[in-house]
Amino acid sequence: MEPRRVFRLPRPGPGPGPDPAQGRLQGLPGRVQCQPSLPLPARPAPPSPKPSVAPLSALLRSLGFHEQPCPPPGGLSNPLGRGSGAAVGAAAWPGPGPEDEEGVAALPAGPRLLCHGRGDALPDPPRSAAPAAILPRGKPCSAPEPTPPGPQPSLRLPPVPGTPQAASRPALQVKTTAKGISLPLGLNSVKIHCQNEAVYQYHVTFSPEVECRSARFAMLKEQQAVTGDVTAFDGSILYLPILLPQQVSVKAHRRGDGEEITITIQNTKVLEPSSDLCIPFYNVVFRRVLRILDMKLVEKSFFEPEQAAVLQHCRMQIWPGYSVSIRKKEGGLFLLVDAIHKVISSESVLSLMQSIYRQSASSFQDECTKQLVGSVVITRYNYRTYRIDDICWDKSPRSTFTLASGEEVTFLDYYSRTYGIVIRDLEQPLLVHRPKEKHTPQGRRRQLDMVLLVPELAFVTGLPDKRRDSRMVKEVMREIHQSPRQHCQRLAVLLRRIRESPEALQELSRWGLRLEPGIHRTQGRILPSERISLRHCSFTPSEELIWNKEVTREASISTVSMSHWLLVYPRKLQNLARDLVVTMESICSPLGMQVSKPILVELKDDRIETYAKSIRSFLNTQDRVQLLLCLISGNREDLYAAIKKLCCLHAPVPSQVINAQSLGSQLNKMRAVVHKVLLQINCKLGGELWGVDIPLKQLMVVGMDVYHSRGASSVIGFVASMNPILTKWYSRVVFQMPHQEIADSLRLLLLDALQRFHEVNHLLPQKIVLYRDGVADSQLDTVLKYEVPQLQRCFGSFHSYQPSMVVMVVQKKISTKFYTLMGEQVGSPPPGTVLDHTVTSSEWQDFFLLAHHSRQGCSNPTRYVCVLNTTSLSWENLQRLTFKLCHLYWNWPGTIRVPAPCKYAHKLAFLAGQVLHHEPSAQLRDRLFFL
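What you see is a predicted model; the values in this text were computed from it and never measured.

Asks: How should the overall build of the protein be read in this particular structure?
Replies: Check the secondary structure of the protein and you find 20 helices and 43 strands. Counting over 931 residues, the protein shows a buried share of 57%. Counting only contacts in the protein whose residues sit at least 6 apart along the sequence, the fraction spanning at least 24 positions is 76%. Carbon and sulfur atoms provide 50% of the accessible area of the protein, an area that totals close to 39,300 Å².

See below:
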């Protein structure tokens, strides 16, 4: 007989309030291994040990942040899980509640470095390679570039030299300022001044030992006569703004059994107020300030539910809020503030389930599972969010669970006693949330509880896919998108509220913190504009850096004639198919293309099986098919995936899928859409649309991104340039472990790209610039010590080959925003704006670049972190090259946020991970088939 399951509930939250949700992820099964075109040398011997943890991480770990708290006594005061659902299984790790309600700040755990993976582990640079210059903050290091006087290195593959050592950061250097047009900028950062002379660190011991972390907090809190009422404590390390004697011993009594405990407080260190070790509890202090202003913590941001905008038509609420963090930058301590929003349904999940039942009673459970599983909900009573992983149909609010005290209680009674909430529908099923599996600092897996939620008390966050329409999206976007002036005004309102609150000012002054009265102002630069080159002309684009008209009126750099192609369409779209062919033939000449009559394949219906059978039949019998163009009716994701799998895996050929609804019924709209389609087809056939001036010779530019899908393999997209003007690209895909961000197949990928580069150009590149997308600050050291050596290692596979290399990490998900400040006017900076000082990192060489024109909302720049530079390229050269590459994404006639190779790598990884689930055919590697 199955043992009885024990249910426990999580700790009550701060109080009632509304709820949020996110999109759902789809599975990604399968993994394939890539083989290089030339034989690889034998694998190196045993991998080197993992890189040591960064000093700050090690220090924070040594403070004991990993200790697991024990549950406080009493059933209802210590429910399990992240929120107030029922919990099943082992005791839950507490949620992100780093602060004791009575003022003892519990510091968050320090960051952890993950360097797990398959394949090469921590290789060293080859013995023949030039020493790497790692770029922390300061002037870029440069090394003389190897320019071999004789013939290019051969493709002979000798044995790989010994395993290279992981790179390390050199001493900081002074940075030189690059030239450019100066531009006054405002930032969403506020300078923080530290007025205290020092922060004092103490080590706290308990005798006899007290294992329970919450009990330690309670005992130390009773010693305010000694420590004062301003403390930050993590269970073993105590921070105070006052100096105590070298060693202090006090007595306390344990609440459970009354045993006397001796607490010894020993002075261990005097910290500068701006020390890195002070930043975590400065952030705790500022979270207290926002709580004083009556804001509600949801995940890691603060919101004001009382100020919510209600959209009656959409049945949605939009909560205004702030994302805040204190960070140490090159110019000192700054408070980074971003004005954000959270979209929440006004209807409970129960109301949504009732609506589904009315529409489809026969398939009610299946439809509920389809629409709800994967959504993120928020609970009104504790402002916490949960992802719905399942629906428990055999339980209801009448079901019982066991509290930590051992008492059995129903959900009905629990919510009534704990929150004063009366649940009305007693027959509703319960929602299931399974927290992600976590690991302890010792590497052991920690089993977390299953949380059960009552649908009546949960509200979906985000825009629901099922009910989403253009009107809803427009209304929501109108509320969310803020102009630079509106964004700046919201920051000013927050700063004014802090200044006008004596309690908030007192909380800051206890630690000697003082905020500047306004946002930080500084000087940025505008990079020179780039000329766009077509086949017969070149031009300087408009101020918005968009050249849509020019590319539809002038011939592209190179084109491929469509002489043998298939057009597949269902019978009901035969008139539209005829109009499409006529339009393509009439507008192709200005683009420099030739479009011949297609082979028409008319289908009797639009079922997936009909498409697949007909396409497979024609592709197997027609050897010279250049392109397959399919017309489909509506947004059919399943049909789109089936066509792409056929054309990318089974019968490799470039393919184009057009939704009939996007063509419209008006001729002008169809011509505009067909213009874009023809340009995209030209790319997929191997043509080149436009270019910019690239003065560097023997250069290879590489883009890399990793796509993650929930529960399925992660996918590395790797794209490398194959010609001097960076208009020919070679792509590869590699699958690795689920949720694995750090790549372990880079040696194979770069080696394959270099071999292909040699086949095309009959030489190897002497400069390699790699743009690595999707890496957080906590993983920069891992990229440097694990990924970079893999890249350097493949150079030893070629005789006497020592290229110079730049590795740039691209970060899009940042909160930094730019404003132009001209007197009282606040606006968006022009494309090409660069900022490389003051709010940049004090540890790494980085800069912010706004490469695109912002049509809506504030300008979001992209951050570039240079972790390696062994070239002679200056800091300004790298900024100019990065800006040039933002012009070369051929799916948009304008600049984009990131360099084109990064965007190509993302598109490739997304297609392989979301649709194909396998590596595309090798026959397509030199085409941009994934656009």
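Asks: Would you take a moment to explain the pattern of salt bridges for this structure?
Replies: When their charged atoms lie close together, side chains carrying opposite charge are able to pair. Summed over the entire model, instances satisfying the criterion amount to 35 salt bridges. One salt bridge in this structure joins D777 and R863, with 2.6 Å as the shortest N-O distance. With a gap of 86 residues between them, D777 in the loop between β37 (767–773) and α18 (780–793) and R863 in strand β43 (residues 862–869) connect regions that are remote in the sequence. Looking at D777, the relative accessible area reads 45%, which means it is partly exposed.

Asks: For this particular structure, what's the right way to read the packing of aromatic side chains?
Replies: Aromatic ring pairs are reported here in terms of the distance separating the ring centres and the angle at which the planes meet. Across all of its chains, the model carries 26 aromatic pairs by this definition. For the pair F818 and F848, a centre-to-centre distance of 6.4 Å together with 75° between the ring planes defines the contact as edge-to-face. With F818 in strand β39 (residues 818–822) and F848 in strand β42 (residues 845–850), this pair connects stretches of sequence that are 30 residues apart. A residue is classified by how much of its surface remains accessible, and F848, at 3% relative accessible area, is buried. Within the aromatic cluster, the residues linked to one another by ring pairs are Y381, F401, F411, Y414, Y415 and Y419. When the ring centre of F459 is taken as origin, the NZ or CZ atom of R380, which lies over that ring, is 3.7 Å away. The aromatic ring of Y322 is capped on one face by R490, whose charged end is 4.9 Å from the ring centroid.

Asks: Please clarify how the pairing of strand β24 (residues 450–453) should be interpreted in this entry.
Replies: Here is the key point about a regular strand: its side chains alternate between the two faces of the sheet. Residues of β24 alternate between two faces, with M450 and L452 on one and V451 and L453 on the opposite face, all of them buried. Across three bridges, the pairing between strand β21 (residues 430–433) and β24 is antiparallel. Note on β24: the bridge partner recorded for V432 is L452.

Asks: Is there a simple way to explain the pairing of strand β17 (residues 384–387) in this structure?
Replies: Both faces of β17 are covered, namely the face carrying R384 and Y386 and the face carrying T385 and R387. Direction of pairing for strand β16 (residues 376–379) relative to β17: antiparallel, over a ladder of four bridges. Following the sheet pairing, V377 is matched in β17 by Y386. Here β16 folds back onto β17, and the loop between the two strands holds four residues, one of which, Y383, carries a positive phi near 55°.

Asks: So what exactly am I meant to see when it comes to the sheet that holds strand β31 (residues 599–603) here?
Replies: Hydrogen bonds between backbone atoms are what pair the strands of a sheet, whose relative direction is either parallel or antiparallel. One open sheet holds the four strands; their spatial order is β31-β30-β32-β33, and the pairing between them is parallel. Strands with a single pairing partner mark the edges of an open sheet, and in this sheet they are β31 and β33 (655–659). Taken pair by pair, the neighbouring strands of this sheet meet at an average axis angle of 15°, ignoring direction.

Asks: Honestly, the environment of D229 in this entry has me stumped. Any pointers?
Replies: Looking at the secondary structure, you find D229 in the loop between α3 (224–227) and β7 (231–233). Look at D229 and you get partly exposed, because its relative accessible area is 43%. Through-space distance from the C-alpha of D229 to that of L240 is 9.3 Å; in sequence the pair is eleven residues apart.

Asks: Even after reading the chapter, I still don't get the packing of helix α14 (residues 637–650) against helix α20 (residues 900–916), so can you show me in this structure?
Replies: Between two packed helices, both the angle of their axes relative to each other and the distance between the axes serve to describe the pair. At a closest axis distance of 10 Å, the pairing of α14 and α20 adopts a crossing angle of 115°. Here the hand of the crossing between α14 and α20 comes out left-handed. Facing Y640, A641, K644, K645, C648 and L649 of α14, the residues of α20 in contact are L911, V915 and L916. Classifying every residue of the contact of α14 with α20 gives seven nonpolar, no polar and two charged.

Asks: Which parts of the structure should I look at to understand the sheet that holds β42?
Replies: One open sheet holds the twelve strands; their spatial order is β36-β35-β34-β37-β38-β43-β42-β41-β27-β4-β39-β40, and the pairing between them is mixed. Every other strand in the sheet has two partners, leaving β36 (729–736) and β40 (825–827) as the edge strands with one partner each. The mean angle between the axes of side-by-side strands here comes to 30°, regardless of whether they run parallel or antiparallel. Two elements, β39 and β40, share three bridges in a ladder whose sense is antiparallel. If you follow M822 over to β40, its bridge partner there is Q825. Contacting β34 (699–707), β35 (714–721), β36, β37 and β38 (804–811), helix α17 (residues 746–761) crosses the sheet at an angle of about 160° to β36.

The rules behind these values
Residues numbered from 1 in each chain as written. Predicted model: local features only at pLDDT ≥ 70, side-chain atom pairs only at ≥ 80, totals over all residues. Heavy atoms only, no water. Helix = DSSP H or I, 4+ residues; strand = E, 2+ residues; numbered from the N terminus. Buried < 20%, exposed > 50% of the residue type's maximum accessible area, 1.4 Å probe, protein only. Contact = heavy atoms within 4.5 Å. Areas by Shrake-Rupley, 256 points an atom, 1.4 Å probe, with all protein chains shown as cover. Salt bridge = Lys/Arg side-chain N within 4 Å of Asp/Glu carboxyl O. Phe/Tyr/Trp six-rings, centres within 6.5 Å; stacked < 30°, edge-to-face > 60°. Lys NZ or Arg CZ within 6 Å of the ring centre and 35° of its normal. Pairing = 2+ DSSP bridges. Axes fitted to C-alpha atoms, helices over the stretch in contact; angles between N-to-C directions. Left-handed = near helix turned anticlockwise from the far one by under 90°. Nonpolar A, V, L, I, M, F, W, Y, C, P; charged D, E, K, R; others polar.

Without other data, these values stay purely geometric and don't point to any function.
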